[in-house]
Amino acid sequence: MPDATTRSGGTATAVPPVVVLRPTPAVPLTPVTPAGPAVRAWPSAYLRLGLLLTLLAAAATAVLVFDPQRLLTEGWPPQLGGFAAAGVFALAYGVCTVAFVPRPLLNLAAGALFGSALGLTSALAGTVLGAGLAFGLGRALGQDALRPLLRGRWLKAADGQLSRHGFRSMLAARLFPGVPFWAANYCAAVSRMRTLPFLVATALGSIPNTAAYAVAGARASAPTSPAFLIALAVIGLPALAGTVLAWRKRHHLRAR
């Protein structure tokens, strides 16, 4: 750059402009994740399903070994009695229903051991407990693996009915015995039905059938008594009504 001339005749050298550098704010760096398959959460859905099947198999094996049906012939251990025995029976009832023990046998045993009123209370408590256990296990361990398998027309129709009209569907299933107890529990768990409506519908819908079996068990020694005959009628009529209802609804389910 040429020099400039001053008033006294001298020359002055031009000074280059000073450039001021201002610090720039730091920008956080986003880590780059290499493309690849999605990371699966552990345990996987099928591993949890395998755990559920293992638990159910173990429970069923325990039932075969201990044979709780002996209560109908041998009675309750003499060390327990009254409300304590009824509470223990309710706990055992819930576990046995998870292990696929038929509820009619347990209801008959409740009536034979504790009478009509206390037997009904104990059996109903065990029913709700067993349904809740099965529902919780199925929802936590089996839902993610089994929902993608609901591809058949009947399976989709049942799933949609339970998901949209859970309370009344489960109430009907409990009132009209046609669907096995364990099957209704796990179908509801795989569906999107909520827990509270499931438990309330189970409790309300199980009262008539459970009461009938409890009375039949309590009056089994007098098979010609009016109470025993009425109990048999209460057991048989809902089953017949459920069969007729299922026959009438078959076309509705096929159309879905």
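Residues numbered from 1 in each chain as written. Predicted model: local features only at pLDDT ≥ 70, side-chain atom pairs only at ≥ 80, totals over all residues. Heavy atoms only, no water.

J.: Could you give an account of the overall build of the protein, with specific residues and numbers?
T.: Within the protein, the regular secondary structure consists of 9 helices and 2 strands. Starting at the N terminus and ending at the C terminus, the protein contains elements arranged as β-β-α-α-α-α-α-α-α-α-α. Residue burial in the protein is summarised as follows: out of 256 residues, 31% are buried. Of the contacts formed within the protein by residues at least 6 apart in sequence, a portion of 75% connects residues at least 24 apart. (Helix = DSSP H or I, 4+ residues; strand = E, 2+ residues; numbered from the N terminus. Buried < 20%, exposed > 50% of the residue type's maximum accessible area, 1.4 Å probe, protein only. Contact = heavy atoms within 4.5 Å.)

J.: Report on a nonpolar patch on the surface, specifying residues and quantitative values.
T.: A surface patch of nonpolar side chains, about 420 Å² in accessible area, is lined by Phe-167, Leu-196, Val-200, Leu-204 and Ile-207. Residue contributions to the nonpolar patch peak at 4 residues, all from helix α8 (residues 195–218). With respect to the helices and strands, the residue Phe-167 is situated in helix α6 (residues 166–175). (Patch = residues over 30% accessible without salt bridge, like charges linked within 9 Å, V, L, I, M, F, W, Y side chains within 5 Å. Areas by Shrake-Rupley, 256 points an atom, 1.4 Å probe, with all protein chains shown as cover. Salt bridge = Lys/Arg side-chain N within 4 Å of Asp/Glu carboxyl O.)

J.: Hey, could you go over α8 for me, with residue numbers and the actual values?
T.: Compared with the 34 Å implied by 1.5 Å per residue over 24 residues, the 33 Å span of α8 between its first and last C-alpha is a close match. The largest bend along α8 reaches roughly 45° and is located at Ile-207, with the proline Pro-208 sitting one to four residues downstream. (Expected span 1.5 Å × (residues − 1). Bend = angle between axes of the 7 residues up to and from the residue.)

J.: Describe the side chain of Asn-107, and please don't skip the residues or the numbers.
T.: Here Asn-107 lies in helix α4 (residues 103–146). One polar contact links Asn-107 to Tyr-93, side chain to side chain, over a distance of 2.6 Å. Ignoring anything within four residues of it in the chain, the contact list for Asn-107 reads Tyr-93, Ala-123, Asn-209, Thr-210, Tyr-213 and Ala-214. (Polar contact = N/O pair within 3.5 Å; in protein donor to acceptor, adjacent residues only side chain to side chain.)

J.: An account of the nonpolar core is needed here, citing residue identities and associated values.
T.: Of all hydrophobic cores here, the largest spans 13 residues; its most connected members are Phe-89, Tyr-93, Val-101 and Leu-106. Among the secondary structure elements, those contributing two or more residues to this core are α1 (45–66), α3 (82–98) and α4. Ranked by the residues each element gives to this core, the list is headed by α4, at 5 residues. When neighbours within four sequence positions are excluded, Leu-106 is seen to be in contact with Phe-89, Tyr-93, Cys-96, Thr-97 and Val-101. (Core = buried A, V, L, I, M, F, W, Y, C linked by side-chain atoms within 4.5 Å.)

J.: An account of α6 is requested, with residue identities and associated values reported.
T.: All of the buried residues along α6 are Gly-166, Ser-169, Met-170 and Arg-174. Relative to the axis of α6, the buried residues are bounded by an arc of 130° and lie together on one face. (Arc of directions from axis to C-beta.)

J.: Go over the packing of aromatic side chains with me, naming the residues and quoting the values.
T.: Evaluation of the coordinates by the stated rule reveals 4 aromatic pairs. Pairing Phe-135 with Phe-198 gives two aromatic rings, centres 4.5 Å apart and planes at 20°, and the pair type is stacked. A residue pair is termed long-range when its members are at least 10 positions apart, and Phe-135 in helix α4 and Phe-198 in helix α8 qualify at 63 residues. Each member of the pair, Phe-135 as well as Phe-198, is classed as buried. Grouping aromatic residues by their ring pairs yields a cluster made of Phe-89, Tyr-93 and Phe-114. Above the ring of Phe-181, the side-chain terminus of Arg-103 is found at 4.9 Å from the ring centroid. (Phe/Tyr/Trp six-rings, centres within 6.5 Å; stacked < 30°, edge-to-face > 60°. Lys NZ or Arg CZ within 6 Å of the ring centre and 35° of its normal.)

J.: With reference to specific residues and values, describe empty space enclosed by the protein.
T.: Applying the stated criterion to the full structure yields 2 cavities of 30 Å³ or more. Counted as a void, the second largest cavity has a volume near 30 Å³. Looking at the second largest cavity, the residues that line it are Arg-174, Leu-175, Gly-205, Pro-208, Asn-209, Val-234 and Pro-238. Within the residue set of the lining of the second largest cavity, elements represented by two or more residues are α6, α8 and α9 (226–254). Split into classes, the residues belonging to the lining of the second largest cavity amount to 4 nonpolar, 2 polar and 1 charged. (1 Å grid on protein atoms, 1.4 Å probe; cavity = no way out; pocket = protein on both sides within 12 Å on 5 of 7 lines; lining within 4 Å. Points joined across faces, edges and corners; volume = space filled by probe spheres on them. Nonpolar A, V, L, I, M, F, W, Y, C, P; charged D, E, K, R; others polar.)

J.: Mind laying out the environment of Gln-143, listing which residues take part and the relevant values?
T.: As for its placement among the helices and strands, Gln-143 is situated in helix α4. Residues Gln-143 and Val-190, 47 residues apart in the sequence, show an inter-C-alpha distance of 4.5 Å. With sequence-adjacent residues up to four places away left out, Gln-143 is seen in contact with Gly-138, Ala-189, Val-190 and Ser-191.

J.: Any details on the packing of α4 against α8? Residues and values, ideally.
T.: Relative to each other, α4 and α8 sit at 160°, their axes nearing to 8 Å. Considering the angle they form, α4 stands roughly antiparallel to α8. Handedness of the α4/α8 crossing: right-handed. Grouping the amino acids of the contact of α4 with α8 by side-chain chemistry returns 19 nonpolar, 13 polar and 1 charged. (Axes fitted to C-alpha atoms, helices over the stretch in contact; angles between N-to-C directions. Parallel < 35°, antiparallel > 145°, perpendicular 65-115°, else oblique. Left-handed = near helix turned anticlockwise from the far one by under 90°.)

J.: A description of the packing of α4 against helix α7 (residues 181–190) should follow, citing residues and the corresponding values.
T.: The geometry of α4 relative to α7 is characterised by a closest axis approach of 7 Å and an angle of 35° between their N-to-C directions. Classified by chirality, the crossing of α7 by α4 is right-handed. From α4, Arg-103, Thr-127, Gly-130, Ala-131, Ala-134, Phe-135, Gly-138, Arg-139, Gln-143 and Leu-146 reach across to α7, where they touch Phe-181, Asn-185, Tyr-186, Ala-188, Ala-189 and Val-190. Partitioning the contact of α4 with α7 into residue classes produces 9 nonpolar, 5 polar and 2 charged.

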